[in-house]
Amino acid sequence: MRKLVLITLLLSSLIGSGQENLEYQKPPQEILELVDVQRAPWVLLNENQDFMVLAYRNEYKSIEELSKNELRLAGLRIDPKTNIGSRTTYYHNLQVKDLSKNDSEQVQVTGLPEHPSFANFTWSPDQTKIAMTNTVKDGVELWVLDLETASVKKLTAARINANLRDVINWFEDGNSMLVKMISSDQQALIDTKAAVPTGPTISVNEGKKAQNRTYQDLLKNKNDEYNFEQLAHAEIFKVSLDGSMRKWMDSDMYNNISFSPDGNYVMVNTIGKPFSYLVPYRRFPSKTSIYSKEGELIEIVSEVPLIEDLPKGFMSVRKGRRDLSWRNDQPATLVYVMALDEGDPENKVAYRDEVFALEAPFKGEGKSILKTQQRFNGILWGDEHTALVYDYWWNTRNLKTYVIDPSDSSKKPKILFDRNYQDSYSDPGSFVMTRNKMGSEVLALNKGKAYLLGDGFTDKGQFPFLDQIDLSSTDKKRVYTSDIKGKKESLMEFDPKSNRLLVNIESPTAYPNYYFRNLKQDKLSQLTFNENPFKSIQGGHKEVIKYKRDDGLELSGTLYLPVGYDMDNKEKLPLLIWAYPEEFKDKSSAGQNTKNPNEFTYPYYGSMIYWITQGYAVLDDASFPIVGEGEEEPNDTFRPQLVANAKAAIDALDNLGYIDRERVAVGGHSYGAFMVANLLAHSDLFAAGIARSGAYNRTLTPFGFQREERNYWEAPEIYNTMSPFMHAEKVNEPILLIHGEADNNSGTYPMQSERYFNALKGLGATARLVILPKESHGYRAKESILHVLWEQDQWLDKYVKNKPEKSLVPSE
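Trainee: In this structure, what is going on with the side chain of T270? I would like to understand it.
Mentor: Relative to the helices and strands, T270 resides in strand β19 (residues 265–271). Exposure remark for T270: the relative accessible area of 9% places this residue in the buried category. Discounting chain neighbours no more than four positions away, the residues touching T270 are D252, M253, Y254, N255, P285, S286 and K287.

The following block contains the structure:
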């Protein structure tokens, strides 16, 4: 039998000859130096773009932080001691820069707590302040940052309840805010591990179809229900900037809270019972009510039952009012959507959805604004006579953009764009928004004209652009096209009044930095000065290569070669391909290139770029399209297309003379791991594979996976054919499986890797399984990440770079 190795990094002792009790390891020094760097700050700009806030955080958490008590309830992960998400990203330092002054320096914010852990940043209406939470040992506090003084102060004790998010909402005057606080009647939680059961857990279905995805972290029993209810309950307080506070609303399970644009009304969404063991809390019963800003009930505008039994398909929605929001260009008008097809995409109707507006005091039914031919997908408000509406249909990948007059529903909507949303070359861009007098986000309009910022992907490369569009005639005018040689310029925001762009400029060796681009003066003003922390690899070769699949489909990938590689006397290198399959409904979109060789080379934790320091060629983000045109679905031919994509990449690099095709590895994360296992089972193209956090048995996700709508009983041959678990006997190359012990992604239970490994082990494959304690679908702890890099390096070194002769590979 072939040698089998299982390493399971669990804190408990392990037994068995196939296991190793191994401590966390570190990768080679060349890789370690690229991992252990200071992250550039997160940048926040106010609407006037005269102040910039720079928020700094650590690149990684520690395994000690991840090891704190965590409750996984109804799709949430909660730290019960502090009452905030246990996986929250925290910022530990703040600086402010006054952009209205030339050559101003970044100013250190004063008044910071001893160990800042800031999150939930929320601008005040006038954008002179930012409220935020600060997590301490025993809870969560409310703090506020004053931009003028570059100082922070604490407003409350550690009594905030951030478990259901949407923690802070400012009053219109900017002097106070609504804040969720821990209920005064919160009871002690049940220790579910020590609790003695009082009876069985029973789930019941009375003949209804309830086809749901395999969600993680669901409620499992009555004790979970009790704990969820205790942690979800909050009281809402009105907290003023002077630190005074009064209760605004009694205890309830508050979800979302939002003020009307004029600040006189508050829309409050609460969670109700019964709870469910099948779906997360967002599909529990809920009620949406409108209150005055003083907390008086005006009207209950929506009551939604438990949602366990939606119709099948990605285009299915629930019945009744949904997508409740405020009309941003009006003082106090509620907007909602209702399905005209009973929420069932199988029903054939002329119009799928209808959009309504309901003015204060929100009684009765709203006024119809328009009906959409496809599923409603959002609305951008402009003014009384102008709004933009999106509808789409997943099955055809069609997206339409309409311009409407919301004051007159008799006017037929005008189609601005009608396109395949996967067609990047035809993407018109995103509309430029601004804040109106009420502080609400609306379209930036100038005499009937709007503006679009686009990525600018073309068959000749990427050229980001700013367009002006006449919403009446639909005529477009190109205002600016970026074409900086050797650099990539991303257009972030545009201010029509000052005729100025906020841009981000980078190159393969220059870290992205923010600039103002004055279009009238054609002048750049640099705002941030981030340095490249990865200088040891800046001399490596980087290019986007294009090649074709056997059927003529255009493919591409970003190729990295080691520093000092001799392009004239090419050495044949071992190759590592990293990819993620993507489904398309047409070959034209599937063959488009959306990679830019001028992007900064950033070896993040999951990247394979590190291995150019170890003498490998790396083909990153290799195209792996899976196409199904017409009546054919992409997954109908998943396997042969997968192999064809891989073969095309290897052939292309082999023809260029860069690689030794006998020493090629393939890797992927999540659906990419699923790809790896399939490639090793159904081709002999690779020397080894690395599969992280994948799912390998699709019968364990019977009501759909990824972009597959059909359930197992409708298409058993698809599920069985695509499942690597069903073909484990065909795997004859070494495979490294890595999985987070606490994976929270739908469908990718750790059991998927465990069962797949057991199958490989039983069939005599060469395999290694690494279970990372406390880690989720993506890995956060520095110890875990360094160990993953070490595992991958050891695997590649043994089975790819120093690939043994076939006669020396262990066999049955």
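Trainee: Any chance you could explain helix α6 (residues 671–682) here in plain terms?
Mentor: A turn of α-helix holds 3.6 residues, and therefore any two residues three or four places apart point the same way. End to end, α6 covers 16 Å across 12 residues, agreeing with the expected 16 Å (1.5 Å per residue, within 8%). The complete set of buried residues in α6 reads Y671, G672, A673, F674, M675, V676, A677, N678, L679, L680, A681 and H682.

Trainee: Would you mind showing me how to read the packing of aromatic side chains here?
Mentor: Two descriptors summarise a pair of aromatic rings, namely the distance from one centre to the other and the angle between the planes of the rings. Overall, the coordinates contain 37 aromatic pairs when judged by the stated rule. Relative to Y281, the ring of F228 has its centre 6.4 Å away and its plane inclined at 45 degrees; by these criteria the two rings are tilted. Residue F228 is found in helix α3 (residues 222–232), and its partner Y281 is found in the loop between β19 and β20 (286–292); the two are separated by 53 residues along the sequence. Comparing F228 with Y281 shows no difference in burial state: the two are buried. Members of the aromatic cluster, connected to one another through ring pairs, are Y580, F638, Y671, F674, F703, F705, Y712, W713 and Y719. Here R397 stacks its cationic end above the ring of W394, 4.3 Å away from the centre of that ring. If you follow R478 out to its NZ or CZ, it ends over the ring of F465, 4.2 Å from the centre.

Trainee: Explanation requested: the pairing of β19 in the structure shown.
Mentor: Burial analysis of β19 places 6 of its 7 residues in the buried class, which makes it a mostly covered element. Bridge analysis of strand β18 (residues 254–259) against β19 gives 4 bridges, and the strand direction is antiparallel. Its bridge partner lying in β19, Y254 is registered against T270. Direction of pairing for β19 relative to β20: antiparallel, over a ladder of 7 bridges. Following the sheet pairing, T270 is matched in β20 by K287.

Trainee: Could you clarify how one ought to interpret the environment of Y514 in this entry?
Mentor: With respect to the element layout, Y514 can be found in strand β40 (residues 513–518). Here Y514 falls in the buried class, since its relative accessible area comes to 18%. Between the C-alpha atom of Y514 and that of L524, which follows or precedes it by 10 residues, the distance is 9.9 Å. Excluding residues within four positions of it along the chain, Y514 makes contact with V43, M492, L502, V503, N504, S525, Q526, L527 and T528.

Trainee: I'm lost on the nonpolar core in this one. Help?
Mentor: In summary, soluble globular proteins display a tendency toward joint burial of nonpolar side chains. Counting 61 residues, the largest nonpolar core has I577, L619, F686 and I735 as the members making the most contacts within it. With 9 residues, the single largest contributor to this core is α6. Beyond its immediate chain neighbours, meaning those up to four positions away, F686 contacts I577, A646, I650, V664, A665, V666, L679, L680 and E733. With 38 residues, the next largest nonpolar core counts Y60, Y511, V770 and L772 among its residues.

Trainee: Could you clarify how one ought to interpret the packing of helix α5 (residues 638–656) against α6 in this entry?
Mentor: Packed helix pairs are characterised by how far apart their axes lie and by the angle those axes make with each other. In contact at an axis separation of 10 Å, α5 and α6 are set at 90 degrees when each is read in the N-to-C sense. Here α6 runs roughly perpendicular to α5, going by the angle between their axes. For the pair formed by α5 and α6, the contact residues are F638, R639, L642, V643 and A646 on the first element and Y671, F674, M675, N678, L679 and H682 on the second. Taken together, the residues of the contact of α5 with α6 sort by class into 8 nonpolar, 2 polar and 1 charged.

Trainee: Looking at this model, I keep getting lost on the environment of D191. Mind explaining?
Mentor: Examined against the element boundaries, D191 turns out to sit in the loop between β15 (176–182) and α3. In sequence terms D191 and N227 are 36 residues apart; their C-alpha atoms lie 9.1 Å from each other.

Trainee: What's the story with the pattern of salt bridges in this structure? I'm lost.
Mentor: Where charged atoms from two side chains of opposite charge come close, those side chains can pair. According to the stated counting rule, one finds 43 salt bridges in the structure shown. With its nearest N and O atoms 2.9 Å apart, the salt bridge here joins E599 to K488. Here E599 is found in the loop between α4 (587–590) and β46 (617–622), whereas its partner K488 is found in strand β38 (residues 488–495), with 111 residues between them in sequence. Assessed through its relative accessible area of 12%, K488 is described here as buried. Between D654 and K572 there is a salt bridge whose closest N-O contact spans 4.0 Å. One end of the pair, D654, is in helix α5; the other, K572, is in the loop between β43 (554–561) and β44 (573–579), with 82 residues separating them in the sequence. With a relative accessible area of 43%, K572 lands in the partly exposed category. One network of salt bridges, in which partners are shared, links R322, D323, D341, R352, D353 and R375.

Trainee: Teacher, can you tell me more about the confidence of the model for the protein chain here?
Mentor: Low-pLDDT portions of the prediction should not be read for the details of their coordinates. Across the protein chain, the average pLDDT comes to 94, with 97% of residues at 70 or higher. In this model, residues 1–17 is a region of pLDDT below 50 whose contacts with residues beyond four sequence positions or in other chains number 54 contacts.

Rules and cut-offs
Residues numbered from 1 in each chain as written. Predicted model: local features only at pLDDT ≥ 70, side-chain atom pairs only at ≥ 80, totals over all residues. Heavy atoms only, no water. Helix = DSSP H or I, 4+ residues; strand = E, 2+ residues; numbered from the N terminus. Buried < 20%, exposed > 50% of the residue type's maximum accessible area, 1.4 Å probe, protein only. Contact = heavy atoms within 4.5 Å. Expected span 1.5 Å × (residues − 1). Phe/Tyr/Trp six-rings, centres within 6.5 Å; stacked < 30°, edge-to-face > 60°. Lys NZ or Arg CZ within 6 Å of the ring centre and 35° of its normal. Pairing = 2+ DSSP bridges. Core = buried A, V, L, I, M, F, W, Y, C linked by side-chain atoms within 4.5 Å. Axes fitted to C-alpha atoms, helices over the stretch in contact; angles between N-to-C directions. Parallel < 35°, antiparallel > 145°, perpendicular 65-115°, else oblique. Nonpolar A, V, L, I, M, F, W, Y, C, P; charged D, E, K, R; others polar. Salt bridge = Lys/Arg side-chain N within 4 Å of Asp/Glu carboxyl O. pLDDT = per-residue confidence, 0-100.

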